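Here are the chains, one letter per residue:
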Amino acid sequence: MKYEYVHMEYKNTPPGSAELEMHREVINKQTEVGNRYIGYIPVKIGPSGKILSIDLIFEKNLSS
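Residues numbered from 1 in each chain as written. Predicted model: local features only at pLDDT ≥ 70, side-chain atom pairs only at ≥ 80, totals over all residues. Heavy atoms only, no water.

**Q** Which residues make up the pairing of strand β4 (residues 51-59), and what are the values?
**A** Among the nine residues of β4, eight are classified as buried, and the element is accordingly described as predominantly covered. Both strand β1 (residues 3-12) and β4 contribute to a ladder of seven bridges, which runs antiparallel. Opposite Tyr3, over in β4, you have Glu59 as the bridge partner. Pairing of strand β3 (residues 36-45) with β4 involves eight bridges; the strand directions are antiparallel. (Buried < 20%, exposed > 50% of the residue type's maximum accessible area, 1.4 Å probe, protein only. Helix = DSSP H or I, 4+ residues; strand = E, 2+ residues; numbered from the N terminus. Pairing = 2+ DSSP bridges.)

Written out as structure tokens, the structure reads:
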């Protein structure tokens, strides 16, 4: 199995929440080429515990 990782940065407002943008478009694009969404892993966490960036994980389609 081969995997592809797509790095996503949250739009962060220091006193408030962090919001992820474009994740649905990335997932849709990856599945259109036959890759399967597996999950995500946090890559950067702020001092308050807020997730600031993640990697979306896809299993690559090896048949194409």
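**Q** Could you give an account of the nonpolar core, with specific residues and numbers?
**A** Counting seven residues, the largest nonpolar core consists of Val6, Met8, Leu20, Val26, Ile54, Leu56 and Phe58. The set of elements that each furnish at least two residues to this core consists of β1 and β4. Sorting elements by how many residues they give to this core places β4 first, with three residues. (Core = buried A, V, L, I, M, F, W, Y, C linked by side-chain atoms within 4.5 Å.)

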